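Report on the structure
Residues per chain are reported as follows:
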Protein chains: 2
Amino acid sequence: MQSSRGGATLTEQVVATIREAILNGKLEPGTLYSVYRMADEIGISRTPVREALLRLADAGMVRFERNRGFRVLRTSVRELQEVFQLRLLLEVPAAYRAAHLADEELRVKVRKELAAMQSAAIGHDENLFMAHDRALHELVLAASQNNKLVNSVRDLRFITMTLGASTVDRSRTLSDIADEHRPLVDAIENRDPNAAATAMHHHIVHTGQLLLEQLIKDGRDSSGLDPKWASSFTADVQFPGSYQIPQPLPNEQVGDSNK
Amino acid sequence: MQSSRGGATLTEQVVATIREAILNGKLEPGTLYSVYRMADEIGISRTPVREALLRLADAGMVRFERNRGFRVLRTSVRELQEVFQLRLLLEVPAAYRAAHLADEELRVKVRKELAAMQSAAIGHDENLFMAHDRALHELVLAASQNNKLVNSVRDLRFITMTLGASTVDRSRTLSDIADEHRPLVDAIENRDPNAAATAMHHHIVHTGQLLLEQLIKDGRDSSGLDPKWASSFTADVQFPGSYQIPQPLPNEQVGDSNK
DNA sequence: GGTCGGCAAGTAGCATGTTACTCTGTTAGA
DNA sequence: TCTAACAGAGTAACATGCTACTTGCCGACC
């Protein structure tokens, strides 16, 4: 079963294939796989498979074990916390800048993606929903005019999605998640950078908090988890002339997960 | 001339070898090289060389051209601007957190690195100086307790260093640069997060501004350069409850480079 | 029963072979 | 002189061969 993307190199196609396999659980974390067998299954030689896996290893998705095979890495609570901390540091300013620079084209596109998300939510098409969710976030990132930022966050969001697949989040319906993006889209429509940054902040903190709680409930080791992960990189107390974050709203539940 | 690191795989050694070759200018941007010849020169087979280059290609350091060879990429003004924007987004909060969490061990180490930088500056040993500069920044990043952040910034700093080698910066002596780190070290000593964040911010903005100006003076295409790159991801006007940056000091020259 | 040894299978890492392509220079044809 | 076909060298991408290592199994010995 060979992915039929014609344009790029075989290696790149394999990267995409393996990413998908990880996302939908066909490759499970912890199990030992081998380049030999994987190349056989795909029906190509070992080289492009190995090169694809090396790239994923570089991104922290898999690990090679000499003379034994490779494993898909199980994302730890600690790692996920780091991912969301980084996403806060990168995506919130990106949202700010996107709203600041927003032209009519961006506003139209963003509106369309949100609408597509909502209709996918109604149709309960999770894959389609995820695709539009991803597209919306990429639009905002791209609008920040910083390509390196876009690429960095892409990897981080992939890790998030990997866990979203395994830990089914039953606390939110797809419609809930779509609604959660509305303040962000509204802020971009209104070209209100502060509102966009705040909306993105709330969105990431909320998503991260739910995922972390879910992971811990599933019995994942939570040592090294900082209940204040979302604010630990910025001031708890506001101070003039330096980095600040939106203070958590009173009703925003944070860190009451590990009783 | 083979690097004699025994522990890791050949590929990893080659990555380090090529990185150094790029840093010290043995591999120059723009020139077309080939995996064949490079493998011959190092005295090993093509595979580990190719794998090493693929990793560097992933990090944006080189680019393969099918059936033609590979080039070391010339960092554009635009890219460098993006790098410094990202470094601001990541390293400033990291400095904040490092100062917040600083224990006696960190304070001692940081002090020692600064002293080593200064003595290397007096001895005009540029390589040694760079090594300690790098070590100091890594200490601060590591103290932020976020490994993914450390790794992200490592790549960004490497790009910066690549340009430091080609565009000789005569506006600052090594001692000047060392002195520029003193406020940061002091802030960590005093466990003053705000001061640490501010010091790191000034340091990165200053370094970035000088490098960008140097590049433009050297005739590099400056289209797409935003004179306000350092603040464009955050509010120009302070607002409560959202992201803010230290406002530029009155004497901080910003954006007067392209007349 | 329990321990040791060695044998076979399986692997990553590295080396080498193959293919289809790009580019350069040269020569045949106008 | 100019153009175009063509041959040859050189290459990345992909396929395959080789080696040293790890592991599990099985049978011999205590």
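Higher on the page you've got the structure.
In what follows, the accompanying structure is described. Predicted model, so just to flag it, every value in this text is computed and none were measured.

Conventions adopted
Residues numbered from 1 in each chain as written. Chains lettered and ligands numbered in written order. Predicted model: local features only at pLDDT ≥ 70, side-chain atom pairs only at ≥ 80, totals over all residues. Heavy atoms only, no water. Helix = DSSP H or I, 4+ residues; strand = E, 2+ residues; numbered from the N terminus. Buried < 20%, exposed > 50% of the residue type's maximum accessible area, 1.4 Å probe, protein only. Contact = heavy atoms within 4.5 Å. Areas by Shrake-Rupley, 256 points an atom, 1.4 Å probe, with all protein chains shown as cover. Pairing = 2+ DSSP bridges. Axes fitted to C-alpha atoms, helices over the stretch in contact; angles between N-to-C directions. Near = heavy atom within 4 Å. Polar contact = N/O pair within 3.5 Å; in protein donor to acceptor, adjacent residues only side chain to side chain. Nonpolar A, V, L, I, M, F, W, Y, C, P; charged D, E, K, R; others polar. Phe/Tyr/Trp six-rings, centres within 6.5 Å; stacked < 30°, edge-to-face > 60°. Lys NZ or Arg CZ within 6 Å of the ring centre and 35° of its normal. Salt bridge = Lys/Arg side-chain N within 4 Å of Asp/Glu carboxyl O. Parallel < 35°, antiparallel > 145°, perpendicular 65-115°, else oblique. Left-handed = near helix turned anticlockwise from the far one by under 90°.

With that settled, the discussion passes to the overall build of chain A. For chain A, the helix and strand inventory stands at ten helices and three strands. Classification of the 259 residues of chain A by burial places 50% in the buried group. In chain A, 71% of the contacts between residues at least 6 apart in sequence involve partners at least 24 apart. With an accessible surface of roughly 12400 Å², chain A has 50% of that area assigned to carbon and sulfur atoms.

The next subject is the sheet that holds strand β1 (residues 32-33) of chain B. Residues and elements named next belong to chain B. Reading across the sheet, the three strands line up as β1-β3-β2 and stay open at both edges, with antiparallel pairing between neighbours. Each edge of the open sheet is held by one strand with a lone partner, namely β1 and β2 (62-65). Two elements, β2 and strand β3 (residues 69-72), share four bridges in a ladder whose sense is antiparallel. Looking across to β3, one finds that V62 is bridged to V72. Lying on the sheet, helix α3 (residues 46-58) is in contact with β2 and β3; it crosses β2 at an angle near 115 degrees.

Residue and element names in this part refer to chain B. Burial along β3 is two-sided: the face carrying G69 and R71 and the face carrying F70 and V72 are both buried. As paired strands, β1 and β3 are joined by two bridges and run antiparallel to one another. Note on β3: the bridge partner recorded for Y33 is F70. Following β2, the chain reverses through three residues before pairing antiparallel with β3; N67 in that reversal takes a positive phi of roughly 65 degrees.

Turning our attention to the protein's contact with DNA strand C. In the vicinity of DNA strand C, 25 residues are found, and the nearest of them are A:R50, B:L10, B:S45, B:R46 and B:T47. Within the side chain of B:R46, an N or O atom sits 2.3 Å from a base oxygen of DNA strand C. Listing elements by their share of the surface near DNA strand C, those giving two or more residues are α2 (35-42), α3 (46-58), β2 (62-65) and β3 (69-72) of chain A together with α1 (10-23) and α3 of chain B. In terms of residue class, the surface near DNA strand C is built from nine nonpolar, eight polar and eight charged.

Turning to the protein's contact with DNA strand D, a few remarks are in order. Around DNA strand D lies a shell of 23 residues, among which A:L10, A:S45, A:R46, A:T47 and B:R50 are the nearest. The sugar-phosphate share of atoms of DNA strand D within 4 Å of the protein amounts to 70%. Counting residues per element, the ones that place at least two in the surface near DNA strand D are α1 (10-23) and α3 of chain A together with α2 (35-42), α3, β2 and β3 of chain B. With three residues, α3(A) is the single largest residue contributor to the surface near DNA strand D. When grouped by side-chain class, the residues that make up the surface near DNA strand D number seven nonpolar, eight polar and eight charged.

This paragraph deals with the side chain of A:T207. Residues and elements named next belong to chain A. Note that T207 resides in helix α10 (residues 193-217). A polar atom in the side chain of T207 sits 2.8 Å from the backbone oxygen of H203. When residues no more than four places from it in sequence are discounted, the contact partners of T207 are F84, R172 and E180.

Right, let's talk about the packing of aromatic side chains for a bit. Residue and element names in this part refer to chain A. Tallying each qualifying case throughout the model produces six aromatic pairs over all chains. Three or more aromatic residues joined by ring pairs make a cluster, and in this case those are Y33, F64 and F70. Above the ring of F158, the side-chain terminus of R19 is found at 4.3 Å from the ring centroid. We note R50 situated over the ring of F64; from NZ or CZ to the ring centre the distance is 5.6 Å.

All names here are of chain A. All told, the structure shown has 30 salt bridges over all chains when counted by the stated rule. One salt bridge connects E65 with R63, and the closest N-O pair in it is separated by 3.5 Å. Between R68 and E65 there is a salt bridge, and its shortest N-O distance comes to 3.2 Å.

What follows concerns unusual backbone geometry. Residues and elements named next belong to chain A. The phi torsion at N67 lies on the positive side, around 65 degrees, for a residue other than glycine. The residue N67 is located in the loop between β2 and β3 in this model. For N67, a relative accessible area of 76% puts it in the exposed group.

All names here are of chain A. Note that L32 resides in strand β1 (residues 32-33). Classification of L32 by relative accessible area gives partly exposed; the value is 27%. Sequence separation between L32 and R63 is 31 residues, and the spatial gap between their C-alpha atoms is 9.9 Å. Residue contacts for L32: discarding those within four places in its chain leaves R37, E65, R68, G69, F70 and R71.

Moving on, we get to the packing of helix α9 (residues 182-189) of chain A against α10(A). All names here are of chain A. α10 packs onto α9 with a crossing angle of 165 degrees between their chain directions and a minimal axis gap of 8 Å. By the angle between their directions, the pair α9 and α10 is classed as roughly antiparallel. Like other packed secondary-structure pairs, α9 and α10 cross with a definite hand, here left-handed. The residues of α10 that touch α9, namely those facing P183, L184 and A187, are A195, A196, A199 and M200. Of the residues contributing to the contact of α9 with α10, the split by class is seven nonpolar, no polar and no charged.

Take the packing of helix α4 (residues 77-101) of chain B against helix α10 (residues 193-217) of chain B next. Residue and element names in this part refer to chain B. Between α4 and α10, whose axes approach to 8 Å, the crossing angle comes to 165 degrees. It follows from the interaxial angle that α4 and α10 lie roughly antiparallel. By crossing handedness, the relation of α4 to α10 is classed as right-handed. Per-class residue counts for the contact of α4 with α10 are 18 nonpolar, six polar and two charged.

This paragraph deals with the sheet that holds β1(A). Residue and element names in this part refer to chain A. Ordered in space as β1-β3-β2, the three strands form an open sheet in which the pairing is antiparallel. Both edges of this open sheet fall to β1 and β2, since each of them pairs with a single strand only. In the packing of α3 onto the sheet, the strands contacted are β2 and β3, and the crossing angle to β2 comes to about 115 degrees.

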